[in-house]
Structure formats: C-alpha cells, structure tokens
Amino acid sequence: MAGNGTGTTGLASTARALPMASDITRTLDSAERARRKGDASSAARGFASVLVEFPGNRRAQQGLRRTKARAITDLTSRARSEQSRGALHSAERLWAELVQLAPSDDRAARALALCRLDLGRIQGALGALDGLPECPETLDLRGRILRELGDLGGAESCHRAALVDGPGDAAPLNNLGILARARGDLEAAATFFQKAIRWAPDNGDVHYNLARAGGDAKAHMAALKKLPASDPAGHFAIFERLNTLRQHDLAFAHLLKGNALRARTAGFDPAREAALFTWLAQMQPANLSDMAPLTGPRPVFIVGLPRSGTTLVERVLGQSAGVQMGGELPVVSGAVAPLLRQLQDESREHPDRSDILALRQKLDEGFAARSDGRPLLTDKMPLNFRWVGLLRAALPEARFVHVTRDAVPLAFSLLRHSFAGGGNKFCYDPAHIVFYMALHKALTDGWAARFGEVIHALHYSDLVADPEHQGKALCGACDVEWSAGNLRPEDNSAPVLTASNMQVRHPIAPGADDGWHPYRTGMAPIIAALTAAGVT
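Please read these numbers as outputs of a predicted model, since none were measured by experiment. (Residues numbered from 1 in each chain as written. Predicted model: local features only at pLDDT ≥ 70, side-chain atom pairs only at ≥ 80, totals over all residues. Heavy atoms only, no water.)

**Student:** Sorry, what's going on with the overall build of the chain here?
**Tutor:** Of regular secondary structure, the chain possesses 25 helices and five strands. Here the C-alpha atoms of the chain give a radius of gyration of 25 Å, agreeing with the 24 Å that 2.2 N^0.38 yields for 536 residues. If one aligns the C-alpha atoms of the chain with their principal axes, the spans along those axes are about 75 × 65 × 45 Å. By residue count, 51% of the 536 residues in the chain fall in the buried class. Counting only carbon and sulfur atoms, one obtains 52% of the accessible surface of the chain, whose full area is about 23,500 Å². Averaging the positions of the 62 positive and the 57 negative side-chain charges in the chain gives two centres separated by 6 Å. (Helix = DSSP H or I, 4+ residues; strand = E, 2+ residues; numbered from the N terminus. Rg over C-alpha atoms; globule rule 2.2 N^0.38 Å. Buried < 20%, exposed > 50% of the residue type's maximum accessible area, 1.4 Å probe, protein only. Areas by Shrake-Rupley, 256 points an atom, 1.4 Å probe, with all protein chains shown as cover. Lys, Arg positive; Asp, Glu negative; His and termini not counted. Charge placed at Lys NZ, Arg CZ, Asp CG, Glu CD.)

Take a look at the structure:
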C-alpha cells in the first residue's frame, strides 16, 4: 500500500543495500536464524527486504510465508504496548513496519494514522489513510484529521458519512459534538454527546465532553457514578460536575485520580525534556543574510504554555483587518521535528545555512497552503515557544507574542483539563507541571534576552484588566491596525477548537484566574513547589 505514507524508507532502503548474491544469502541466513529463535518480526523483515528487490526469490517467499502471521501478531502487540505507555515515536515505527509487511491490513493503517495524529504529524496521518476503503472507521478518523487541518466542513461531512445507526456511531457523534462546540453551539453539542452516550454509556471521553457542554449536573452525576473507576476521563467529567455543584473537596479528589491515571500512560520523560531544552537554548542556527521573499503570509506566532490565554490574544488580533486566524497549526511541528531528527542522526548541534533555508521554505509553503490571501496569519500553537530560536533564524519577518499567566491559576487550569492528543504529556502530574513551567521560564527568559526586539511579552491578567491599552500595544508590536473592534473578540464567529472555546465568546473580563480559589487546600503542595522552583 504505497499510499500509506511510509515512503521509500524501511524495506526499500534495505533492499538497495543488497546488490550482491552473497549479501542476499547473508540476509536470508540471518532471517532464518531469527525465525528459529522465535523472532518472527525480524525474520519477516529480512525475508521481505529481499523480496522488495527480488520478488521471485523462492527462499524469501517461503520464509515470509512461514513467519508473516506470527510477525503481524508480534508487531501489533508491541505497537499497542508502546502506544499505551505513551512511547508514540516507537509505536509509530512499529505500526509503519506492520503496514509495510501487511499492506492490506486496514486496521494497521488506521492505527498508524492515529499514532501520527497524536504525534502532531497531521499530513502523515492523512497519508496513512490513502487508498483505504471508505468504511465508517476510516471516514471518522479522516474527519478527525481534517479537523486538525482546519477543514471543519470536510470533517463534518466525513463524520456524518460514518454514521450507520449502530454502536459504531458513538465516535462520529462525539466528533460532531466537538465541531458543534467549536462553533459555539452548546445545545447542538450536548445533543450529539448524549446520542453518543446512548451507544457507548461507559465512554468517559464522551461524558467529559458532555460535562464541559453544561446542562443538568445532578442528572448527569447518576450516569457518571456507573463509569469504570479505571477510566481517567470519567474522573475529569465527575470533577466538572462536582465543581458546578460546589462539592469541591470531592471534586478535587476525582481530579487528582484522573490525572494520576492519565500520567501512567502519558509517557512524560523529565530528563529527555530537560536535555531538549538545554540543546535548544544552546543552539546557534545559521543566519540568513539573503533570502527569497516569502510567498505566503507573514506569520505571527502566539506562544506560551497551554491555558495561558493564547486563544484570547489570537481573537483580539483577529479583529484587525488583514489578519487571518490560523489557530493551532501543525505547520511548525511538521517542519521542525524532521530537522531535529536529522541533526541528531548526523551528530550535529547547530543547523547550517542549508538547514535553515530548507526550514524557511517548508514553513513558507505550509503557511501559504493555509492562507486565504490575507497578508498576516496567526499561529497560536502554544508549545511553539520551544522553537523560537529556529523560527527567528528561518523567518526574520515573523513576530512573536509570548503570553504568560500567574503560575497558580495556570497550574490549576492545566491540572483540570483532559487534553486531546498526546502533545501535553506534562499536564497530568503536579510535579511534572511545576518542572515544565520552570523549563518554560528558563528558555523563554533566554529568548527574550536574545530576540526581545521581535517578541512582545503580554501577561494575561494585564490584558483582561486593561484591554484597550494592552490591545493597542499588541497590535502595534505585530504591525496590524488597531480599532475598537479589537476590544470585542466575542463578535468573531470563527470556530474555536481549544479548551477556551466558550470563554472567548464572552466579552473580555477578569475573573478566570479565580477558579482555583475553592481548591486552596488541595493546591497547597503545588503552590509550595512553584515557589521553590522560582515560578510565580
């Protein structure tokens, strides 16, 4: 299945290294030894690599027939295990290998697409579905991918086409509810979530979405009490309902339980993150003295930690003429991640001129593909704060808005949300939240010292306390026109897919930072840890 997005690497590259008969024999002998030792996946990989280049090799054909079924079972088990513990990169490699070995296995292709979706490799996820029959499962997953690409109309069409009036409808109905919520239609969203629950009454994720859509908290609690205690999303849903009912002590206990369950599979590695941040801080990308003009829009990157106020800032800017709101775009992660892997593979610490030129081209093409013709495009993917050094080198025309928020309300907001996808792994353990907030502060302090002329610092509480003064400064820093309309982001009807989707539909006002106050006792250890870490 060439369309599954696995490219020409893997088996094909192995085959190009087999020009001699002696090499082929050694590969076949090695595959046979692996088969005898019970390593079916290595054996099948060896036999298949020969067949890519020499499809008529009878020994390879026979060896693959003997090992393929067991190899598929082994790879499937290992991939699921890696994915369940949050090792998504390892899981992706195993799923990709399985798709190459069994190109007619639609379930493996969908698993590969889902893994890539969780990794933020959106185009790769879409490519993994190429050529698959349009069954309900594939249609629904394609809809999720299109949603991440910003094609909400295409996403809705896929989800509706996936409905078959059966138990499988729970997933597309849930996704239709998410789209309705993004449009601000909570009544329609709740209806979709309720229909999904009829088909899947034990699905904690759907219950969590329904809890966030509002409605009768007491009535919903009766169903929530029946959810398995091992479902983390169920605990997040119970927290939302108990918070509404002002049963704060019990609510916080469920919140901690849900986070602890999510943390077990999130796969956050503090040492790995610290090493990445150290590398980024010390990285010295080559400077581009001459470059071709951008073909697409000029980007403004709105960065910071999740739940810091980036959505509100984008909506304020989005009220200016000539500004297209991109939301949380996958363009940067799709361009930066391969570059970092290449540097690691080649044992290089700093990108050279050709690296930065290639990054510039990839970013420009990605933003141009999403442009509607307006000259400025915002990208509010919060964790892009990590790549400011690379983005500054590749796109000197760009501007950055670094949004911050008081540490305690931010930590509480991170703790109370069950995030979709696999990008915010640090959010499910209080210690990890404090650790990551400290990493963020150290790195962004460094960016401010190096690139302060293109980084506009904006504190959330300042914006909501004095929106006119802060809004004018924001527009000026981004070289966009200010008007009274910038004070009314709630007038913007564009869909919002982030956790702030309902908040930003109301006039700018203080108060969002007060939500943690009923949980002072439970938050006390986190507050102490933030103070000790120097994060305020």
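**Student:** Help me understand the pairing of strand S3 (residues 376–379) in this model?
**Tutor:** Every other side chain in a regular strand lies on the same face of the sheet, so the side chains alternate between the two faces. Both faces of S3 are covered, namely the face carrying Leu376 and Thr378 and the face carrying Leu377 and Asp379. Pairing geometry for strand S1 (residues 298–304) and S3, over four bridges, is parallel. Paired with arginine 298 across the strands is leucine 376, a residue of S3. Bridge count for strand S2 (residues 323–325) against S3 is three bridges, and the pairing is parallel. By the bridge assignment for S3, methionine 325 is matched with threonine 378. (Pairing = 2+ DSSP bridges.)

**Student:** Any chance you could explain the packing of aromatic side chains here in plain terms?
**Tutor:** To describe a pair of aromatic rings, one takes the distance between the centres and the angle between the planes. The final tally for this structure, using the stated rule, is 16 aromatic pairs. Ring geometry for phenylalanine 236 and tyrosine 428: centres 6.5 Å apart, planes at 85 degrees, overall edge-to-face. Placement of phenylalanine 236 in helix H14 (residues 232–244) and of tyrosine 428 in the loop between helix H21 (407–416) and helix H22 (430–451) is noted, with a sequence separation of 192 residues between them. Assessed through its relative accessible area of 4%, tyrosine 428 is described here as buried. (Phe/Tyr/Trp six-rings, centres within 6.5 Å; stacked < 30°, edge-to-face > 60°.)

**Student:** In this structure, what is going on with the packing of helix H18 (residues 331–345) against helix H19 (residues 353–370)? I would like to understand it.
**Tutor:** Remark: H18 packs on H19, axes separated minimally by 9 Å, with the N-to-C direction vectors making an angle of 160 degrees. By the criterion of interaxial angle, the relationship of H18 to H19 is roughly antiparallel. In this structure, H18 meets H19 at a crossing whose hand is right-handed. Here Val331, Val332, Gly334, Ala335, Val336, Pro338, Leu339, Gln342 and Leu343 of H18 lie close against H19, whose contacting residues are Asp355, Leu359, Lys362, Leu363, Gly366, Phe367 and Arg370. (Axes fitted to C-alpha atoms, helices over the stretch in contact; angles between N-to-C directions. Parallel < 35°, antiparallel > 145°, perpendicular 65-115°, else oblique. Left-handed = near helix turned anticlockwise from the far one by under 90°. Contact = heavy atoms within 4.5 Å.)

**Student:** What's the story with the state of the cysteines in this structure? I'm lost.
**Tutor:** Formally, a disulfide is one covalent bond, and it connects the sulfur atom of one cysteine to the sulfur atom of another. Under the criterion given, the structure shown has zero disulfides. As a non-bridged cysteine, cysteine 115 has cysteine 135 as the owner of its nearest cysteine sulfur, 19 Å distant. On the basis of relative accessibility, which here comes to 0%, the residue cysteine 115 falls in the buried class. Summary of cysteine pairing: cysteine 135 is not part of a disulfide, and the nearest cysteine sulfur, belonging to cysteine 158, is at 12 Å. For cysteine 135, a relative accessible area of 21% gives the class partly exposed. (Disulfide = S-S within 2.5 Å.)

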